[in-house]
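Residue-level structure breakdown
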Amino acid sequence: INTRAFGESIADVIPHAVGFINGTQEMRIAACAKHFPGHGDTSVDSHIAMPVLDHNRERLTSVELVPFLAAVRAGVKSIMVAHLSVPSFDPSGVPASLSKPIISVLRERMAYKGVIVTDALDMHAITKTYSSGEAALRAISAGCDIALIPEDPFAALDALKEAERNGTLPSEQITASTERVRSLKEWCGLYERKANRHDPVSLEAHGMMALKAATNAVRIDGDESLLPLEQYNHVSCFALLQNDDIDPASSFFHYLAQVYEKNTDIAYMTSAITDDEIAEYKKGIEGTECCLFAVFARARSYSGSVQLDPRLLDAVTRIAYGKPSIAVFFGNPYLAETFPAAVNIKCYSDSAASRGAACLALSGKSLTL
């Protein structure tokens, strides 16, 4: 789950989750708590296969379910159920999103009255075992109100229609789900005819709001005496790329040039880097005073891993050996735990606002509004 969770402890997660719910729903936008009954302590990406949450009921009740109960009490308008097996609640191995015993925990034990939605039904945790029609029917029969993104929506719809026609799916259950969804749409104001309920926000104001949020989110760990960059006359900057998209890195280098105007080298690295290229970079930065590594890596669906390629870590270690080094993480902050840099700047995303916030942190300058 990585950066898709607010943290690893209940004490961290609950205030952030409740704050997000309250702030979002104040604007009549429905928040969604996910992934019930808890996806954090799993090691398999459910986009690829079905994880197993193999804890006993006591552990699940005292840890995994607690933030969801807080969300229910905060009035969250929707909850998403995960594609994972929870043997303690349903020994059949059926994924939670299709399991009546697990969804009953939410409806009956936690007294949740809002909309329940499945995780996307086109994920491999589902499609490897169930057809679109079967998955949608199982989900709705189990108590979900929305069968989200079936691989074949027409087959899913046909299966639901046939199940209602032959009595497999009680019409009163469909009516109850329909009413919950209709009520939520009404609460969101989707039936109102007013074109704009709120004053529009200009692009400039939106950009400054985003930059302020990104700047407040930055966290710096390690030897902060290496900052700001202004103390150096020559800095070598490397962008570590998770894929072939260099646009965010190029934009970051452009922003950096606005706050650091001294001698700068830049380079892009991927896991395809060769020993000869590493040696060439090492030789080319002999005169540099500091190495800056901008790490563009974040958790991605279907990737199967949230780790940085060991080849890139090896290249960084060899290139920066003996030099002061700074790392900026545009995405996955957990990479800082094993990254060979003396100071780490965590920005949590590679958005334009985060790139700007990183440059402010590197320059030691503050945001003036």
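The coordinates are above.
First, a word on what this report is: a plain description of the structure on this page. Computed from a predicted structure; not experimentally measured. (Residues numbered from 1 in each chain as written. Predicted model: local features only at pLDDT ≥ 70, side-chain atom pairs only at ≥ 80, totals over all residues. Heavy atoms only, no water.)

**Structural notes on the pairing of strand 2 (residues 78-81)**
- Of the two faces of strand 2, the one holding Ser-78 and Met-80 and the one holding Ile-79 and Val-81 are both buried throughout.
- As paired strands, strand 1 (residues 32-36) and strand 2 are joined by three bridges and run parallel to one another. Looking across to strand 2, one finds that Ala-33 is bridged to Ile-79.
- Across four bridges, the pairing between strand 2 and strand 3 (residues 115-118) is parallel. Bridge pairing in strand 3 links Val-81 to Thr-118.
- Following the chain from strand 2 across helix 3 (residues 100-109) to the adjacent parallel strand 3, one finds a crossover that is right-handed. (Buried < 20%, exposed > 50% of the residue type's maximum accessible area, 1.4 Å probe, protein only. Helix = DSSP H or I, 4+ residues; strand = E, 2+ residues; numbered from the N terminus. Pairing = 2+ DSSP bridges. Right-handed = clockwise from strand over helix to strand, strands pointing away.)

**Some details on the sheet that holds strand 2**
- Across the sheet, three strands lie side by side as 1-2-3; this open sheet has parallel pairing. Either end of the sheet is taken by a strand with one partner, and the two such strands are strand 1 and strand 3. Here the average twist between neighbouring strands, direction ignored, is 25°. (Axes fitted to C-alpha atoms, helices over the stretch in contact; angles between N-to-C directions.)

**Some points on the pattern of salt bridges**
- Following the criterion strictly, the structure yields 14 salt bridges and no others.
- Close ionic contact of Arg-28 with Glu-192 constitutes a salt bridge, the shortest N to O distance being 2.8 Å. Taken as a pair, Arg-28 in the loop between helix 1 (10-25) and strand 1 and Glu-192 in the loop between helix 7 (171-188) and helix 8 (203-217) lie far apart in primary sequence, 164 residues in all.
- For Glu-192, a relative accessible area of 35% translates into the label partly exposed.
- Across the pair Asp-314 and Arg-311 runs a salt bridge whose closest N-O atoms are separated by 3.8 Å. Of this pair, Asp-314 and Arg-311 both sit in helix 11 (residues 310-320), three residues apart, roughly one helical turn.
- Taking the relative accessible area as the measure of exposure, Asp-314 reaches 31% and is therefore partly exposed.
- Taking the relative accessible area as the measure of exposure, Arg-311 reaches 24% and is therefore partly exposed. (Salt bridge = Lys/Arg side-chain N within 4 Å of Asp/Glu carboxyl O.)

**Description of the sheet that holds strand 7 (residues 290-296)**
- Taken together, the six strands give an open sheet; going across it, the order is 4-9-8-7-5-6, and neighbouring strands pair in mixed fashion. If you trace the sheet from one side to the other, it starts and ends with strand 4 (219-222) and strand 6 (263-269), each paired once. On average, each strand axis in the sheet is inclined to that of its neighbour by 15°, with strand direction left out of account.
- Across four bridges, the pairing between strand 8 (residues 325-329) and strand 9 (residues 343-346) is parallel. Bridging across to strand 9, Ala-327 finds its partner in Asn-344.

**Digging into unusual backbone geometry**
- Residue Pro-37 follows Phe-36 across a cis peptide bond; omega there is 0°.
- If you trace the backbone, Pro-37 turns up in the loop between strand 1 and helix 2 (57-73).
- The amide bond that connects Leu-227 to the next residue, Pro-228, takes the cis arrangement and shows omega of 0°.
- With respect to the helices and strands, the residue Pro-228 is situated in the loop between strand 4 and strand 5 (234-241).
- The backbone of Arg-28 sits at a positive phi, close to 60°, despite the residue not being glycine.
- Located in the positive-phi region is Ile-149, a residue other than glycine, with phi close to 50°.
- The topology assignment puts Ile-149 in the loop between helix 5 (132-142) and helix 6 (153-165).

**Digging into the layout of surface pockets**
- Put simply, the second largest pocket is a space of about 330 Å³.
- Considering the residues around the second largest pocket, the lining is formed by 16 residues, among which Ile-140, Asp-145, Leu-157, Leu-160 and Ile-174 are closest to the centre.
- When contributions to the lining of the second largest pocket are tallied by element, the ones reaching two or more residues are helix 5, helix 6 and helix 7.
- Considered class by class, the residues forming the lining of the second largest pocket number 11 nonpolar, two polar and three charged. (1 Å grid on protein atoms, 1.4 Å probe; cavity = no way out; pocket = protein on both sides within 12 Å on 5 of 7 lines; lining within 4 Å. Points joined across faces, edges and corners; volume = space filled by probe spheres on them. Nonpolar A, V, L, I, M, F, W, Y, C, P; charged D, E, K, R; others polar.)

**Some words on the nonpolar core**
- Of all hydrophobic cores here, the largest spans 34 residues; its most connected members are Phe-36, Val-76 and Ile-79.
- Listed by contribution, the elements that provide at least two residues to this core are strand 1, helix 2, strand 2, helix 3 and helix 5.
- Broken down by element, the residue count for this core peaks at five residues, all from helix 2.
- The contacts of Ile-79, once residues within four sequence positions are left out, are Cys-32, Ala-33, Phe-36, Phe-68, Val-72, Leu-106, Tyr-112, Val-115, Ile-116 and Val-117. (Core = buried A, V, L, I, M, F, W, Y, C linked by side-chain atoms within 4.5 Å. Contact = heavy atoms within 4.5 Å.)

**Section: the packing of aromatic side chains**
- For the coordinates displayed, the defined rule picks out 11 aromatic pairs.
- Geometrically, the ring pair formed by Phe-36 and Phe-68 is edge-to-face, given 5.2 Å between the ring centres and 85° between the ring planes. You can see Phe-36 sitting in strand 1 and its partner Phe-68 sitting in helix 2, a full 32 residues away along the chain. For the pair Phe-36 and Phe-68, a shared accessibility class is recorded, and that class is buried.
- Between Phe-253 and Tyr-268 the ring centres are 5.6 Å apart and the planes differ by 70°, which places this aromatic pair in the edge-to-face class. In this pair, Phe-253 is assigned in helix 9 (residues 247-259) and Tyr-268 in strand 6, connecting sequence segments 15 residues apart.
- Classification of Phe-253 as buried rests on a relative accessible area of 7%. (Phe/Tyr/Trp six-rings, centres within 6.5 Å; stacked < 30°, edge-to-face > 60°.)

Everything listed here is a matter of coordinates, which is why it stays silent on function.
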